[in-house]
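Coordinate analysis (summary)
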Amino acid sequence: MTAAHRRGGSVSIRAALVGMRGRGVTVAAVLALGFTLGCGTSEGRRPVLLIGIDAFTWDLLNRAETPNLDAIVSRGVRAEWLVPVFPTKTFPNHYSIATGLYPEQHGIVANNMLDPDIDERFSLGNRAAVEDGRWWEGEPVWVTAEKAGVRAAAFFWPGTETAIQGIRPTFWRPYEHATPNDERVDQVLAWMDLPSAERPWLVTTYFADVDDATHRFGMSAPETEAAIREVDRAIGRLVRGLEARGLLDDVNLVVVSDHGMTPTSRERVIFLDDYIDVANVDVIDWTPVAAIRPDSGREDEVFGRLTDAHPHLSVFRKAELPERWRYRNHRRIQPIIAVADEGWEITTRKYFEERTTTFTGATHGYDNALPSMRAIFLAAGPSFRRGVVVRPFQNIHVYELLCRVLRIEPAANAGSFDSVAAMLR
Ligand code: AMP
Ligand code: ZN
Ligand code: ZN
């Protein structure tokens, strides 16, 4: 930690306050001191580095050597697992972690969407849509921070590339899948090197290797093990970078994943065109959660044909989706939602026959109550207890936790601080 860092941060202020309390100074005097120093930060604010590891299933820590993640666990806290939101896809879950809201509340209800009000589509590869603030409802933690005058930076996190409520993180990058992990880590460290007035307090980064490898090669492939080790190595580089700067004990590291993974097979495929004429419907998202928009006047017919069509497919009208998914009340949730059982995929005969290597690895998107969809939560740093394992909790509570550690007032959200309070010192 540089001298400038220390002056701007809360560390020296906190030490002064503790010393003064010891000498019997009143609370009012202590508060007044805070104002006269004009420190601009509440007592106890610590930087947070939020790391997202895509598709790091809860039990992967045991499947490969992860010395750097293990070290975070041993000097901090771990949840037995983190419960994702439905559907267990990347964008809905990263944005629920960031906002404390369910997808029906934040509007990112899938990776592929149609908004009937504006008649526009959203997909991960559609840069214009990903950077269009109309898709992103609710308030992510970096916007809460920036509104409070607390700077944020993102080297990737879904939603950080767009102005939400007109606000972006102070520093951000348009998503580029090929960016090497070391470049991400080194930029995060460079942000921590900025003078205190410029330095962000909340920094996010994201690693896709494990999602890539498991989709392609499956859960227990050597490539997946290599991907787990690669992400662990990159996190090790970050930790050593913090250590070299004398920052490791001042920074809160929070490591989460968005969802788990489960094996798929070409033997477990549901062909939608065996039951309905796909020319009469718009399938907005395909698998394992199909979002189906029948042509006008055909909804009952399509629903009737799909109901009980396949023993491994559950079909719901929007209004009848299970309560526990909290997945009904948004215009981007389509009239018919068909959900495949664990390990099953939904496609058409043509799509399946044209691709001989798809549906062979693993995937996610299924019921968020399935053990295979569980994610991870690990954290270490000055705000967290040491050596504590807490009960599983839902990822919508992470927003409250981040706001507390950053000493910012959370926006309205579905999470509760009580659900995560036991992890904090
Ligand atoms: P999924 O289809 O749910 O497995 O999504 C995983 C994919 O999301 C990864 O392969 C990434 O390429 C992609 N992704 C992650 N973050 C972003 C982003 N900010 N913008 C666009 N794509 C992203
Ligand atoms: Zn993901
Ligand atoms: Zn994925």
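Keep in mind that what you see is a predicted model, and the values were worked out from it rather than measured.

**Here's the deal with the environment of Asp54**
Considering the arrangement of structural elements, one finds Asp54 in the loop between β1 (48-53) and α4 (67-74). Residue Asp54 is classed as buried on the basis of its relative accessible area of 1%. Put simply, Asp54 and Ala375 are 321 residues apart on the chain and 9.2 Å apart in space, counted from C-alpha to C-alpha. The contact partners of Asp54, leaving out residues within four places of it in the chain, are Thr90, His94, Tyr206, Phe207, Ala208, Val210, Asp211, Asp258 and His259. Here His259 takes part through its side chain, which lies 3.3 Å from a polar atom of the side chain of Asp54.

**Here we look at the packing of aromatic side chains**
The geometry of an aromatic ring pair comes down to the distance between the two centres and the angle between the two planes. The tally for this structure, following the rule as stated, stands at 18 aromatic pairs. Look at Phe86 and Tyr327: their rings are 5.2 Å apart centre to centre, the planes differ by 90°, and that puts the pair in the edge-to-face class. Of this pair, Phe86 sits in the loop between β3 (82-83) and α5 (90-99) while Tyr327 sits in the loop between β14 (313-317) and β15 (336-340); the two residues are 241 residues apart in sequence, bridging distant segments of the chain. Residues Phe86 and Tyr327 agree in their burial class; the two are buried. Grouped by ring-pair contacts, the aromatic residues Phe155, Phe156, Phe171, Tyr175, Trp191 and Tyr206 constitute a single cluster. Directly above the ring of Trp201 sits Arg199, whose terminal nitrogen or CZ lies 5.0 Å from the centroid. Residue placement shows Arg349 over the ring face of Phe271; its charged tip is 4.0 Å from the ring centre.

**Considering the pairing of strand β12 (residues 281-285)**
Within β12, four of the five residues are buried, which leaves it mostly tucked inside the rest of the structure. Where β12 lies against strand β13 (residues 289-294), four bridges are found, and the strand directions are antiparallel. Paired with Asp285 across the two strands is Ala291, which belongs to β13. Between β12 and β13, which follow one another and run antiparallel, lie three residues.

**A closer look at the coordination of the zinc ion (ligand 3)**
Summarising the metal site, the zinc ion (ligand 3) is bound by the protein donors Asp211 (OD), Asp211 (OD), His215 (NE2) and His364 (NE2), whose distances to it range over 2.0 to 2.8 Å. Each donor residue of the zinc ion (ligand 3) lies on one chain, and together they are spaced D-x3-H-x148-H. Between the two metals, the zinc ion (ligand 3) and the zinc ion (ligand 2), the spacing is 4.4 Å. Placement of Asp211 in helix α10 (residues 209-217) and of His364 in the loop between β17 (362-363) and β18 (377-380) is noted, with a sequence separation of 153 residues between them. Across this residue pair, the class does not change: Asp211 and His364 are buried.

**Digging into the site of ligand 1**
Near ligand 1 lie 14 residues; those nearest to it are Thr90, Asn111, Glu161, His177 and His364. Contact distances for ligand 1 include 2.8 Å between a nitrogen atom and a side-chain N or O atom of Glu161. Calculation on ligand 1 without its partners gives an accessible area of 500 Å², and the protein chains cover 86% of this total. Going through the elements one at a time, α5 and α10 are the ones with two or more residues in the shell around ligand 1. At three residues, the largest contribution of residues to the shell around ligand 1 is made by α10.

**Focus: the nonpolar core**
With 61 residues, the main nonpolar core has Trp142 and Phe377 as its most contacted residues. With seven residues, the single largest contributor to this core is helix α14 (residues 398-406). Setting aside anything within four residues of it in sequence, one finds Trp142 in contact with Tyr95, Ala98, Ala152, Trp157, Pro158, Gly159, Thr160, Ile164, Pro169 and Leu202. One finds Ile53, Phe155, Phe156 and Phe207 within the second-largest nonpolar core, a separate group that totals 40 residues.

Cut-offs and rules
Residues numbered from 1 in each chain as written. Chains lettered and ligands numbered in written order. Predicted model: local features only at pLDDT ≥ 70, side-chain atom pairs only at ≥ 80, totals over all residues. Heavy atoms only, no water. Helix = DSSP H or I, 4+ residues; strand = E, 2+ residues; numbered from the N terminus. Buried < 20%, exposed > 50% of the residue type's maximum accessible area, 1.4 Å probe, protein only. Contact = heavy atoms within 4.5 Å. Polar contact = N/O pair within 3.5 Å; in protein donor to acceptor, adjacent residues only side chain to side chain. Phe/Tyr/Trp six-rings, centres within 6.5 Å; stacked < 30°, edge-to-face > 60°. Lys NZ or Arg CZ within 6 Å of the ring centre and 35° of its normal. Pairing = 2+ DSSP bridges. Donors = N, O, S within 2.8 Å, 3.2 Å for Na, K, Ca; no water. Near = heavy atom within 4 Å. Areas by Shrake-Rupley, 256 points an atom, 1.4 Å probe, with all protein chains shown as cover. Core = buried A, V, L, I, M, F, W, Y, C linked by side-chain atoms within 4.5 Å.

Fair warning: the whole summary comes from geometry, so function is off the table for now.
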